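# Reading the structure
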Amino acid sequence: MDRKTGRDAINDRVRRTLVRTLYTQPTSLAIGALNGVVSGSIAAYIIDDLLFTGFVVLFSLVGIARVITASMLSPDNTANTTRKLELFYEAGAFSYAFLYGAIGALTLLYHPGSAVEILIVANALCYGIGVSARNAGSPIIANGQLVLTFLPILIACLVIGSLPLVVLAVTMVLVAPAMASITHNVHQVLRESIAAAENSERMAKKMETLAHTDVVTGLTNRAGLNHLLVEAMMDVPQDTMLAMFWLDLDRFKEVNDLLGHQIGDRVLNEMAVRLRDIMPEDAIVARFGGDEFTVVAKIDDRRHAERLASEVHADLMRPIRLDGDRLEVGASIGVALLPDDGTDADTLMQNADLALYHAKVNGRKQTQFYDSSMSRNLARKREIEAELRAAIQKDELSIFFQPIVDLETGRIKTFEALVRWFHPEKGELRPDEFIPVAEDSGLIVTLGNWITVQAAKAAAKWPEEVTLAVNLSPLQIKAPGASLGIFNALREAKLAPERLELEVTESLFVDDSEATELFISELSAKGVRFALDDFGTGYSSLAYIQKYPFSKVKIDRSFVSGPDVGKKTEAIIRAVAEMGAQLDMSIVAEGLEEIEQVKAVREAGCTLGQGYYFSRAVPDYLAAMLLAQERESDEALRKVG
């Protein structure tokens, strides 16, 4: 829409609003008509002339017709055009004004007495003047009524020719342009005020639209979603269901990091276009933030929602070609249904988000419908989180140590620190219950630092040749100041950095972040050693071993004591052990429970072993006792020797 068209549209709305003022307060028309009818009837009764009475009757009928017309013709009804409203009002207003003036003129000519003349002429002149202000929304009507009321009386005054009436005629001639000027000024003020209000309303609507629109995709944003969702839930029919689809683009961060945010924005825009095309026309499609999209659509039943989700997966996974790059972007989807999974907006959004979380945890690129067990699990996790925070403060957690043994000599080379939680009411809680909760909540950083400090204090009392191994979570490593936390633990425990060994899993290197490289380089420069844990269960990329300064590789227990143990696993262990020998790295076999397993991994070339065959994880005082027994055994052998 160009500027001229915009101005014309505003002028039309202003004109409509001004005409609307003519129809406001029809009671004022009724009161004016009643006053005119009563005054005219009194004059007709006193004058007792057929012509005069006819004018009064016609005047009364026009007044009543005006009131009825004003009540029936509503300016809110778009079928009533502005011109139509003006014509109807002009016809009634001009007729009524002329008849009022004519009755006033006849009253002067019939000269029934000063009291009646004052009653009629004063009412007529007051009407003509007063209507100028009331109908200032239309100067033509206001001035026309003024002239049509004044003119007959002015002519009568001049015809009679008495000095008072001539002065009255002159007064009317002077009053008329003054009132026209006032009417014009009032009209201008009204017009400018209405135009300003129109512009303000238009700008407010534009600002509201901008506030509710995502600038990248053009979709509704988070604020707009909240507004539209409430409206949709209020208008949904009784027998209709709503489905909320909460989508998260898989590994979108890699697109931004590798190709830049401009390409990332184009990918988001393409995903938005595809979602709009797939979903029904009346669906709400919004970008919730980042790489998350939310869709709210009417559905017939759960199968309908499943079909829509399947179509979304198929369409979003189609390759995107941008500037020669071929990108494949899938999505994880969480779905919550109304009314099954929530009857209000907040509950529906919370449950859809919870379903999305499970979809991502369970492997991504899949759809997960909300289930009440998710809320129970969430409540359980929150309970564990709160109790874990309290447990750290109350020292309810304990550090146990499991030995890692030299397979040739049988001596303990390292103790791996393992956290144990003995709840005062629930008994022992397994690490796989609370460690994931700690990671999800960010509590893993506090917990990890606490474990390192406590384990380092215990290790400081061991013989210098015995080292300490501590597991680190990827989230702990990527937290700001992660290396500083390790250095503080060593300093507080007075443990040499060379005696600390940090075990990390391959999942740490999936994102290949700078924070990880900096963490490892800072610590290894001070002498802290690193071990690659659970080797063989993740991506098992040899690039990690080549890139980072690992001194030890731990073969996962599934290769030693799992159900698939056989010739293939033995060959794998032998290959890893050979690699360790060539790279001067220790190879640890985990999960050793029987002597046959110990012999097998030793023959395959593993240098260290860990498992129940040697010892379970034990408290620090038992770990010290195991070391003391070794020393006693060594002394006994020396004496025998």
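Described below are features of the structure shown in this document. As the structure is a prediction and not an experimental result, all values here were calculated from the model.

Scanning the chain from N- to C-terminus turns up 23 helices and 17 strands. Relative to its length of 641 residues, the chain is extended, with a C-alpha radius of gyration of 45 Å against a globular reference of 26 Å. Taken over 641 residues, the chain has a buried fraction of 45%. Here the chain displays about 32,900 Å² of accessible surface, and carbon together with sulfur accounts for 56% of that area. Taking the average place of the 64 positive charges on the side chains of the chain and the average place of its 85 negative ones, the gap between the two points comes to 2 Å.

Let's shift gears to the packing of helix α21 (residues 567-583) against helix α22 (residues 595-604). The N-to-C vectors of α21 and α22 enclose an angle of 50°; their axes lie 8 Å apart at closest approach. In terms of their interaxial angle, α21 and α22 are classed as oblique. Taking contact as the criterion, the partners of I573, R574 and A577 in α21 are, on α22, V601, E603 and A604. Tallied by class, residues from the contact of α21 with α22 come to four nonpolar, no polar and two charged.

Quick look at the pairing of strand β3 (residues 292-299) now. The buried fraction of β3 is high, at seven of eight residues. Sheet topology note: the strand β2 (residues 284-289)/β3 ladder contains five bridges and is antiparallel. Bridged to I284 within β3 is V296. Here β2 folds back onto β3 in antiparallel fashion, the turn holding two residues, of which G290 has a positive phi close to 60°.

A complete count under the given rule lists 15 aromatic pairs for this structure. Between Y96 and Y127, the aromatic rings sit 5.3 Å apart at their centres with planes inclined by 70°, giving edge-to-face as the arrangement. Here Y127 lies in helix α5 (residues 114-134) and Y96 lies in helix α4 (residues 82-110), a separation of 31 residues in the sequence. In terms of burial, Y96 and Y127 fall into one category: buried. Through a chain of ring-to-ring contacts, the aromatic side chains of F59, Y96, Y100 and Y127 assemble into a single cluster. Lying over the aromatic face of Y612, R616 brings its terminal NZ or CZ to 3.9 Å of the ring centre.

Side-chain pairing between opposite charges can occur once the charged atoms of the two side chains come close. Evaluated as defined, the whole model comprises 18 salt bridges. Residue R302 is joined to E306 by a salt bridge in which the shortest nitrogen-to-oxygen separation is 3.4 Å. Of this pair, R302 and E306 both sit in helix α11 (residues 302-316), four residues apart, which is roughly one turn of the helix. Taken together, the shared-partner salt bridges in this structure form one network comprising R380, R430, D432 and E433.

Moving on, we get to helix α6 (residues 139-160). Over its 22 residues, α6 extends 31 Å from the first C-alpha to the last, a length consistent with the 32 Å expected when each residue adds 1.5 Å. Inspection of α6 places I141, A142, G144, Q145, L146, T149, F150, P152, I153, L154, A156 and C157 among the buried residues, and these make up the whole buried set. Following α6 by one or two positions, G161 has its phi on the positive side, about 80°.

To continue, consider the environment of P280. Tracing the backbone shows P280 in the loop between α10 (261-278) and β2. Under the relative-accessibility criterion, P280 is labelled partly exposed at 29%. Residues P280 and V528 lie 248 residues apart in sequence; the distance between their C-alpha atoms is 58 Å.

Now for helix α17 (residues 482-493). The end-to-end C-alpha separation of α17 is 17 Å, in line with the 16 Å expected for twelve residues at 1.5 Å each. The set of residues buried in α17 consists of A482, S483, G485, I486, A489, L490 and A493. The arc that holds every buried residue of α17, seen down its axis, measures 160°, which confines them to one face. On its buried face, α17 sits against α15 (444-459), α16 (474-478), β12 (500-504) and α18 (514-525). Phi turns positive, to about 60°, at K494, one or two residues after α17.

Looking at the element boundaries, E117 is found in helix α5. The exposure class of E117 is buried, given its relative accessible area of 12%. Residues in contact with E117, not counting those within four places in the same chain, are T107, L108, H111, P112 and A122.

Here we come to the nonpolar core. Grouped together as the largest cluster of nonpolar side chains are 70 residues, with contacts concentrated most on F401, L468 and F519. With eight residues, α15 is the single largest residue contributor to this core. Among all residues touching F519, those that are not within four sequence positions of it are L472, I477, A482, S483, I486, L502 and F530. Among the nonpolar cores identified, the runner-up in size contains 39 residues, and V62, Y100, L154 and L165 belong to it.

With that settled, consider unusual backbone geometry. Cis geometry is adopted by the peptide bond preceding P339, which originates at L338 and carries an omega value of 10°. As for its position among the elements, P339 is in the loop between β6 (331-338) and α12 (345-361). Here H111, not a glycine, exhibits a phi torsion of approximately 50°, which is positive. Mapped onto the elements of the fold, H111 is located in the loop between α4 and α5. Of note in the backbone geometry, K494 takes a positive phi value of approximately 60° without being a glycine.

Rules behind the numbers
- Residues numbered from 1 in each chain as written.
- Predicted model: local features only at pLDDT ≥ 70, side-chain atom pairs only at ≥ 80, totals over all residues.
- Heavy atoms only, no water.
- Helix = DSSP H or I, 4+ residues; strand = E, 2+ residues; numbered from the N terminus.
- Rg over C-alpha atoms; globule rule 2.2 N^0.38 Å.
- Buried < 20%, exposed > 50% of the residue type's maximum accessible area, 1.4 Å probe, protein only.
- Areas by Shrake-Rupley, 256 points an atom, 1.4 Å probe, with all protein chains shown as cover.
- Lys, Arg positive; Asp, Glu negative; His and termini not counted.
- Charge placed at Lys NZ, Arg CZ, Asp CG, Glu CD.
- Axes fitted to C-alpha atoms, helices over the stretch in contact; angles between N-to-C directions.
- Parallel < 35°, antiparallel > 145°, perpendicular 65-115°, else oblique.
- Contact = heavy atoms within 4.5 Å.
- Nonpolar A, V, L, I, M, F, W, Y, C, P; charged D, E, K, R; others polar.
- Pairing = 2+ DSSP bridges.
- Phe/Tyr/Trp six-rings, centres within 6.5 Å; stacked < 30°, edge-to-face > 60°.
- Lys NZ or Arg CZ within 6 Å of the ring centre and 35° of its normal.
- Salt bridge = Lys/Arg side-chain N within 4 Å of Asp/Glu carboxyl O.
- Expected span 1.5 Å × (residues − 1).
- Arc of directions from axis to C-beta.
- Core = buried A, V, L, I, M, F, W, Y, C linked by side-chain atoms within 4.5 Å.

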